[in-house]
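Residue-level structure breakdown
This is what each chain is made of:
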Amino acid sequence: MQEFSRLVPTTTQAAARAGAVPQASFIAGGTDLMQLWKNNVQAASLVVDLDRLDLRRISLDGPTLRIGALATMAEVAEHPDVKRRVPAASEALLAAASPQIRNMGTAGGNLLQRTRCGYFRDPGFACNKREPGSGCPAIAGENRELAILGGSGSCIATQPSDFPVPLVAADARVELHGADGQTRTVELEQLYRLPGDTPHIETVLRPGEVITAILVPDAPANRRATYVKVRDRQSYAYALASVAAGIELQGGVVRDVRLAAGGVGTRPWRLDASEATLRGQRLSPALIEQAAARATDGAQPHAKNAFKVTLLRNTVRRALQAVTA
Amino acid sequence: MYIGQGIVRQDGRLKVTGGARYAAEFDVPGCLHAVLVQSTIPAGAITGYDTAQAERMPGVVAIITHQNAGALNQHKAAQQTVTHPFLQDGRIVYNGQHVAVAVADTFERAEAAASAVRVRYAPSEAVTVMDESALSRAYKPKQFQNGEKSPDVSRGDEDAAFAGAPVRVEATYETPVEHHNPMEPHATIAMWRGDTVAVWTSTQGISGVQETLASAFGLPKESVTVVCPYVGGGFGCKGNTWPPATIAALAARHVGRPVKLVVTRPQMFTSNGYRPKTIQKIRLGAGRDGRLLSIRHDGFSQMSDPMLGEFSEPVGVVTQMAYSCRNVAVTHRVVPVNQGLPTYMRAPGESSGMFALESAMDEMAHALRMDPLAFRLANYAERDEQKDKPFASKGLRECYSRAADRFGWRQRNPTPGSMRDGRILVGWGMATSTYPTNRRPCHARIVVRSDGTVLVQSGVQDLGTGTYTIMAQCAADRLGVDIARVSAQLGDSRFPQGPVSGGSATAASVLPAIEAAADALLARLAALAALDPHFAQVPPADIRLDGFDLTAPGRRVPVLQVMARAGLHTVDAEGSSAPGDAYKAHSCHSFGAQFAEIRIDPDFGTIRVSRIVSCFEVGRLLNARTGRSQLLGGIVFGIGMALQEETLVDRATGRIVNSNIADYHVPVNADVPDIEVMTVDAPDLATGALGAKGAGELPMVGVAPAIANAVFHATGRRVRKLPIRVEDVLA
Ligand SMILES: Cc1cc2nc3c(=O)[nH]c(=O)nc-3n(C[C@H](O)[C@H](O)[C@H](O)COP(=O)(O)OP(=O)(O)OC[C@H]3O[C@@H](n4cnc5c(N)ncnc54)[C@H](O)[C@@H]3O)c2cc1C
Ligand code: SF4
């Protein structure tokens, strides 16, 4: 860990301006960042602490649920409006990490948690994401936890967070505040970039841009939704595969459906082909089976994670069964 | 009698209030911090270091490499299997080997400097993983079980018996590299005063640390003081004295100030051993009547470059005594690869070996269409057929029947996949466990002080198992005094010497020594009393301790009064003990029967342990509370071995990929089901007057095979490789 100085701005604008300095880094709960610093995966000379910013509220803005980026994972998970409007997001948070970490970790920080790829997290290894151009040893190595969807020849790391999976399914957007004082919103799915040949550039965030809030639209399929997570132990483990499923049925016909997967893609993975299979069709076990099969369209399994193909299909099927039961 | 009761831990309150001080927490004024630098290649030679940048960083006092460390003697203390202290030459034999140490005024600055040290290498070819193709490198271990046993053992003619057996089972089993990961990392504070050194270190053996440092620095033993009052978990990785302790002392000498070296969590994967990967080939022959005709068990165990020492996972040692069988052959081989030196990890050999043997027994029972428990009973060993000695005690039959009854084993439908709960597949499996009863020479002292308190001291360690408490229980019983007066002290090389805490031997070693010390103390008090006018004319042999009074017919004087009259503030006595003839004449083991129920979601492949029932025979249970907690903890450890623990090694570089405890899994509360433990309370008198056998390792031995056998029962799939994962059972 390198020496750094720390700044605790009280306005978002001051934070954004300070964060635009090269070698600056925002810190929210610090639960991911501290690990990366301690293991010399990442370094910062200026730490901009977001703690004092007024970005912790969770509120309803007409049809939009607004989750302040600094609300803790625990606060978001337990909030009644979150439970009503996007229950799958509450479930995903409660299935993430541990109570201690959820008390510290924030909504915004969780969206930007970095991959758990073991090669990335140890500077003793080569890794394109950490050191562009150094190579990707995971592709021929220990890739059991890594992605079958969205990878490239440069990187197959998964985005490991649970929370963004139901949010991507719910068509959530993030609100950003730039160093130039401008705000903009971006579709959450589009916040994440696919690795391509620049796996070190993970998001479309500009230097200094602060995530101020997550905006979730209201929809029947967001309210009738669930999150199913499969992991190696029954608590305190990242997803091997997870699925957020939301549905709106009318007389047995699928009016709207939202599906996204975690633990299998290089970003929270919207399952468009599965959704298209279901939309407008009469729901039946056979239809669910077809939709599940389409979840792995384009999948590229690797030596140690091929099981994720079956696992993802089964998880989609189970999530759909659960949400339509 | 305090022995046997569930006396509350003497150290419990201190631990939960933060009052117990662990090695890294001692406050040594002027202490500097050291952080290890480790290699990033698996094999080759160091051609140079760039330390200039690190040396210029704030607070940095020294960067020590093999070029300026100074020569040490080899690590060659008794029972030592770690022979290389590092920082002595430029040879690299594994990825993560210590190559330098940075010393600075704070931990963070030392860490920053350590990461700024650049090492230049000339890499060479490496073999980083033991797989079938690496087995051609295998050789016979030279120091099998510390040189006490032969790696190859046989009786009868296994080849012929197997060839002629009507029913045969032959399979290869694999267990992975596992790391102990105790909560407390290795930590040492070293402080020199002239030619003497004091170290506060986290160890399972203070005597070993003392001998190792004395040997490394060419000092008489008395010049090395080792203090370790608490150990935050060891599980075997603190049994040897590993290089970081030596390097801390070396660094302190180098900079002329006290130095603290705490191994970081990632470095815990490359600094203090691990359970080596094993490949085990087993074949069993049986008659249609269910009698075993032959057993063959060939074990291959991953090893480091022999320069670092030797350790071989003794997987086949249990195989020699587990069942009655005329024709048995067992071999052990080690396979050197570019990895660190492996070491003992909770039930080394027994847990990994029994996973293989008890899985094979299950396969054979299935092949014979016999109930797995009935098959084991049909081959019950009444004596140790390899050593040709009677067991000192063996309550296994009772363990089987009590655990089976409690579990409801009779209701088991033997057909795999037949026991369902809706979509969930249910599996029932069982296995035998056994562990040798180890006992080693030990010394103890008891001191009576003028304030009415009694101290019992021995240079043993408490790994969190309850040693403090049973020491006090034992002394109070033998002296016949109230336990409230008695407190135990341990973990200090200035106390009478005790053995390493390993092989579940501490209780069986230290309690007889305490009894001897108590007897000596009683004699001394009696002799003292005889000089007292109250006891004029009474021979010392007639004087007894009763409560805290010395008595003889018609006379009674408080101990403290006798001491005061003699002008003594303390009276003390020492005692010692060693394994006796009864121990040597018998085969001494503890035993258990373990039954597991698992539930598998076939869509996800997730395996959930829903019930474990175990019955153990551990001799006399010394403390109902701490003993039970050992048994439960061992079972949880076994669940981890069965389903979670695995160190992943990158084949290309030999570097460990999951060197942190977020990605290296052990069970969390949610993984731990209802666990029922029962004990057959049967004092084993061959192990000493109290008849205690070890309880720390036994309870994990049968867990992994019981779970693996349950997985087969649930799915019809035989998984011969640990840990059993989602992908192994996914439909
Ligand atoms: C053992 C363990 C197990 C875990 N298991 C899970 C799990 O199962 N599922 C799961 O989802 N997570 C899991 N986590 C991760 C945990 O949820 C994240 O560490 C946490 O959500 C990060 O939030 P934080 O506020 O602490 O982020 P920080 O560590 O403070 O920051 C993370 C990143 O986000 C940036 N950042 C933070 N806030 C903002 C903002 N408002 N604007 C712009 N940038 C910002 C920071 O600069 C940094 O790059 C686990 C963590 C651990 C240690
Ligand atoms: S998968 Fe990505 S993060 Fe992992 S080693 Fe390859 S480049 Fe690095």
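Residues numbered from 1 in each chain as written. Chains lettered and ligands numbered in written order. Predicted model: local features only at pLDDT ≥ 70, side-chain atom pairs only at ≥ 80, totals over all residues. Heavy atoms only, no water.

The next thing to look at is the overall build of chain A. What chain A contains, in helices and strands, is 13 helices and 12 strands. A compact globule built from 325 residues should have a C-alpha radius of gyration of about 20 Å, and chain A, at 19 Å, falls within 12% of that. C-alpha atoms of chain A, sized along the principal axes, occupy 60 × 50 × 35 Å. Considering only contacts within chain A whose residues lie at least 6 apart along the sequence, 63% involve residues at least 24 apart. Side-chain charges of chain A comprise 38 positive and 31 negative groups, with the mean position of each set lying 3 Å from the other. (Helix = DSSP H or I, 4+ residues; strand = E, 2+ residues; numbered from the N terminus. Rg over C-alpha atoms; globule rule 2.2 N^0.38 Å. Contact = heavy atoms within 4.5 Å. Lys, Arg positive; Asp, Glu negative; His and termini not counted. Charge placed at Lys NZ, Arg CZ, Asp CG, Glu CD.)

Looking now at the interface of chain B and chain A. Contact with chain B, which involves 38 residues of that partner, is made by 34 residues of chain A. Counting each side, the surface lost to burial between chain B and chain A is near 2,900 Å², with a carbon and sulfur contribution of 49%. On the chain B side of the interface with chain A, the three residues burying the most area are Asp603, Phe604 and Val657 of chain B, jointly 18% of the side's total. Across the pair Asp232 of chain A and Arg725 of chain B runs a salt bridge whose closest N-O atoms are separated by 3.8 Å. Linking chain B to chain A there are 13 residue pairs in polar contact (both at pLDDT 80 or more). Of all the elements in the fold, those that place two or more residues in the side of chain B that touches chain A are helix H3 (107–116), strand E28 (606–617) and helix H17 (726–729) of chain B. If you tally residues by element for the side of chain B that touches chain A, the top one is H3 of chain B, at five residues. (Buried area = accessible area lost by both parts, 1.4 Å probe. Salt bridge = Lys/Arg side-chain N within 4 Å of Asp/Glu carboxyl O. Polar contact = N/O pair within 3.5 Å; in protein donor to acceptor, adjacent residues only side chain to side chain.)

A few words now on the pairing of strand E15 (residues 327–336) of chain B. Residues and elements named next belong to chain B. In terms of burial, E15 is largely enclosed, as nine of its 10 residues are buried. In the sheet, strand E7 (residues 153–155) pairs with E15 via three bridges, with the strands oriented antiparallel. Paired with Ser154 across the strands is Ala329, a residue of E15. In the sheet, strand E14 (residues 292–303) pairs with E15 via 10 bridges, with the strands oriented parallel. Bridging from a neighbouring strand, Gly299 pairs with His332 of E15. (Buried < 20%, exposed > 50% of the residue type's maximum accessible area, 1.4 Å probe, protein only. Pairing = 2+ DSSP bridges.)

Residue and element names in this part refer to chain B. Tracing the sequence through the fold places His297 in strand E14. Distance in space between the C-alpha atoms of His297 and Leu284 is 8.8 Å, their sequence separation being 13 residues. For His297, the residues in contact, after removing those within four places along its chain, are Gln280, Lys281, Ile282, Val315, Gly316, Thr319, Ala329, Val330, Thr331, Gly353 and Ala356. Among the polar contacts listed, one links the side chain of His297 to the side chain of Gln280, at a separation of 2.7 Å. For His297, the side chain forms a polar contact with the side chain of Thr319, separated by 2.7 Å.

Here we come to the site of ligand 2. Around ligand 2, 13 residues are found, and the nearest of them are Cys117, Cys127, Cys136, Cys155 and Ile156 of chain A. Residues belonging to the shell around ligand 2 are distributed by class as follows: 10 nonpolar, two polar and one charged. (Near = heavy atom within 4 Å. Nonpolar A, V, L, I, M, F, W, Y, C, P; charged D, E, K, R; others polar.)

When the domains of chain A are assigned, the result is domain 1 (5–51) and domain 2 (220–324). Taking only C-alpha atoms into account, the centre of domain 1 of chain A sits 35 Å from that of domain 2 of chain A. (Domains from an automatic or database assignment.)

Further remarks concern the site of ligand 1. Taken together, 32 residues lie near ligand 1, and Phe26, Gly30, Thr31, Thr106 and Asp162 of chain A sit nearest. Ligand 1 sits at a junction of chains, with neighbouring residues supplied by chains A and B. In this structure, Ala97 of chain A approaches ligand 1 through a main-chain N or O atom, which is 3.2 Å from an oxygen atom. Bound to the protein, ligand 1 loses 94% of the 980 Å² it would expose on its own. Sorting the residues of the shell around ligand 1 by element identifies strand E2 (24–27), helix H2 (33–38), helix H7 (107–111) and strand E8 (210–216) of chain A as the ones contributing at least two each. Structurally, the shell around ligand 1 is a two-domain feature, drawing no fewer than three residues from each of domain 1 (5–51) and domain 2 (220–324) of chain A. (Areas by Shrake-Rupley, 256 points an atom, 1.4 Å probe, with all protein chains shown as cover.)

What follows is about the sheet that holds strand E5 (residues 98–104) of chain B. Residues and elements named next belong to chain B. Pairing within the open sheet is mixed, and its seven strands lie in the order E3-E5-E1-E12-E9-E10-E11. Edge strands, defined here as strands with exactly one partner in the open sheet, are strand E3 (60–65) and strand E11 (224–227). Strand-to-strand twist across the sheet, computed as the mean angle between neighbouring axes with direction ignored, equals 20°. Relative to E5, E3 is paired through five bridges, and the arrangement is antiparallel. Looking across to E5, one finds that Thr65 is bridged to Ala100. H3 contacts strand E1 (32–38), E3 and E5 of the sheet and is inclined by roughly 25° relative to E1. Across the sheet, helix H6 (residues 243–255) lies against E1, E3, E5, strand E9 (187–193), strand E10 (196–201) and strand E12 (259–262), angled at about 35° from E9, the strand it touches most. (Axes fitted to C-alpha atoms, helices over the stretch in contact; angles between N-to-C directions.)

For the rest of this paragraph, the subject is the pattern of salt bridges. Taken as a whole, this structure holds 72 salt bridges over all chains when the rule is applied. Ionic pairing is found between Asp362 of chain B and Arg718 of chain B, a salt bridge with its closest N-O pair at 2.9 Å. Here Asp362 of chain B, found in helix H7 (residues 350–367), pairs with Arg718 of chain B, found in the loop between helix H16 (703–715) and H17; they are 356 residues apart in sequence, far enough to count as distant. A residue is classified by how much of its surface remains accessible, and Asp362 of chain B, at 3% relative accessible area, is buried. In this structure, Arg718 of chain B and Glu363 of chain B form a salt bridge, with 3.9 Å as the shortest nitrogen-oxygen distance. Taken together, the residues span a long stretch of sequence, with Arg718 of chain B in the loop between H16 and H17 and Glu363 of chain B in helix H7 at a distance of 355 residues. Taken individually, Arg718 of chain B and Glu363 of chain B each receive the classification buried, so the pair is uniform in this respect. Overlapping salt bridges, with partners in common, bring together Arg144, Glu145 and Asp232 of chain A together with Glu646, Arg725 and Glu727 of chain B in one network.

Residue and element names in this part refer to chain B. Strand order in the open sheet formed by five strands is E7-E15-E14-E13-E8, and the pairing between neighbours is mixed. Strands at the two margins of the open sheet, each flanked by one partner only, are E7 and strand E8 (167–175). Taking each pair of neighbouring strands and ignoring which way they run, the sheet shows an average axis angle of 10°.

Here the focus is the side chain of Arg283 of chain B. Residue and element names in this part refer to chain B. Its location among the elements puts Arg283 in strand E13 (residues 278–286). Classification of Arg283 as buried rests on a relative accessible area of 16%. Here Asp159 takes part through its side chain, which lies 2.7 Å from a polar atom of the side chain of Arg283. With residues near it in sequence (within four places) discarded, Arg283 still touches Glu158, Asp159, Phe162, Val169, Glu170, Ser294, Ile295 and Arg296.

Residues and elements named next belong to chain B. For the structure shown, the criterion picks out 17 aromatic pairs over all chains. The interplanar angle of 55° and the centroid separation of 5.1 Å between the aromatic rings of Phe235 and Phe637 together place this pair among those described as tilted. Highlighted residues: Phe235 in the loop between E11 and H6 and Phe637 in helix H14 (residues 624–643), separated in sequence by 402 residues. Taking relative accessible area as the criterion, Phe235 reaches 29% and is therefore assigned partly exposed. (Phe/Tyr/Trp six-rings, centres within 6.5 Å; stacked < 30°, edge-to-face > 60°.)

A separate point is helix H9 (residues 396–407) of chain B. Residue and element names in this part refer to chain B. Taking 1.5 Å of rise per residue, 12 residues should cover 16 Å, and H9 covers 16 Å from first to last C-alpha, within 8% of that figure. The set of residues buried in H9 consists of Leu396, Cys399, Tyr400, Ala403, Ala404 and Phe407. Along the axis of H9, the buried positions cluster into a sector of 115°, meaning they face one direction only. Downstream of H9 by a residue or two, Gly408 has a phi angle that is positive, lying close to 90°. (Expected span 1.5 Å × (residues − 1). Arc of directions from axis to C-beta.)

Before going further, it helps to examine the confidence of the model for chain B. Of the residues in chain B, 99% have a pLDDT of 70 or more, and the chain-wide mean is 95. Model confidence for the complex is summarised by a pTM of 0.97, with the ipTM given as 0.96. (pLDDT = per-residue confidence, 0-100.)

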